[in-house]
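Residues per chain, in single letters:
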Amino acid sequence: MPQTLIAGVDEAGRGPLAGPVVAAAVILDPARPIIGLGDSKVISEKRRASLALQIRHCAWVGVGIAEPEEIDRLNILQATMTAMARAVRNLPRLPGHVLVDGNRVPEGLPCPAEAIIKGDASEAAIGAASIIAKTVRDGLMLHAALRFPGYGFEAHKGYPSTIHRNALIALGPCPIHRFSYAPVRAALEKRQA
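Residues numbered from 1 in each chain as written. Predicted model: local features only at pLDDT ≥ 70, side-chain atom pairs only at ≥ 80, totals over all residues. Heavy atoms only, no water.

Let's talk about the sheet that holds strand β3 (residues 60-66)
Taking strand neighbours across the sheet as the criterion, the five strands line up as β3-β2-β1-β4-β5 in an open arrangement whose pairing is mixed. Among the strands making up the open sheet, the edge pair consists of β3 and β5 (113-116). For this sheet, the mean inter-axis angle between neighbouring strands, taken without regard to orientation, is 20 degrees. On top of the sheet, helix α3 (residues 76-89) reaches β1 (6-12), β2 (21-27), β3 and β4 (97-101); it is set at about 150 degrees to β3, its chief contact. Seen against the sheet, helix α5 (residues 124-147) touches β1, β2, β3, β4 and β5 and runs at an angle of roughly 40 degrees to β1. (Pairing = 2+ DSSP bridges. Helix = DSSP H or I, 4+ residues; strand = E, 2+ residues; numbered from the N terminus. Axes fitted to C-alpha atoms, helices over the stretch in contact; angles between N-to-C directions. Contact = heavy atoms within 4.5 Å.)

Side note on the environment of Pro-160
Tracing the backbone through its elements, the reader meets Pro-160 in the loop between α6 (153-156) and α7 (162-171). The partly exposed category is assigned to Pro-160, whose relative accessible area is 34%. Once the C-alpha coordinates of Pro-160 and Val-184 are considered, the two residues, 24 residues apart in sequence, prove to be 10.0 Å apart. Residues in contact with Pro-160, not counting those within four places in the same chain, are Gly-15, Pro-16, Leu-17 and Arg-165. (Buried < 20%, exposed > 50% of the residue type's maximum accessible area, 1.4 Å probe, protein only.)

Focus: the packing of aromatic side chains
On inspection of all chains with the given rule, the structure shows one aromatic pair. Pairing Tyr-151 with Phe-153 gives two aromatic rings, centres 5.3 Å apart and planes at 15 degrees, and the pair type is stacked. Tyr-151 sits in the buried class, given a relative accessible area of 6%. Looking at Phe-153, the relative accessible area reads 0%, which means it is buried. (Phe/Tyr/Trp six-rings, centres within 6.5 Å; stacked < 30°, edge-to-face > 60°.)

Details of α7
All of the buried residues along α7 are His-164, Ala-167 and Leu-168. When α7 is viewed along its axis, its buried side chains cluster within an angular range of 105 degrees and face the same direction. Looking at α7, the residues exposed on the side facing more than 90 degrees away from the buried face are Thr-162 and Ala-170. For α7, the secondary structure elements touched by its buried residues are α6 and α8 (182-192). Count one or two residues on from α7 and you reach Gly-172, which has phi positive near 80 degrees. (Arc of directions from axis to C-beta.)

Everything listed here is a matter of coordinates, which is why it stays silent on function.
Here you go:
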């Protein structure tokens, strides 16, 4: 591993109506390069799973999660920043510098940091973090689909698809929905009316 450890940080799950926001921090080892890192949204699910295994084998990984209750209490931006800070703190080694995807840096990081817009496409460590965050969150939503059948979480992962919106109206919100989000509030009010 290099002398100055650089961690890439990214998140998954800001837009869904249900489930947590998940952030990951990854410190890559230049001696063990991983080919094909990048924005998780443009990588196939199968390829993401393969890359996630390689990342966990060849790099240091930290994950941070903010649950729906925190999202409702803090707002999605602050919950995302909280999850990112947790991911950095959960790394097995303290980085010397952090690169964060986006235009904001979480407060309270243990080292200097900078934000890089579209960093998941330009910085390998951020791309690796994007892949870890996405695969962890997708796994959590597959588990949620078993706990809360009928919503289709296994397919849309909590994003506001037509199937999800229809299920939300038919079934009402479940415990992992984000009650501060307008479509969830509207579905709850409709059920209570």
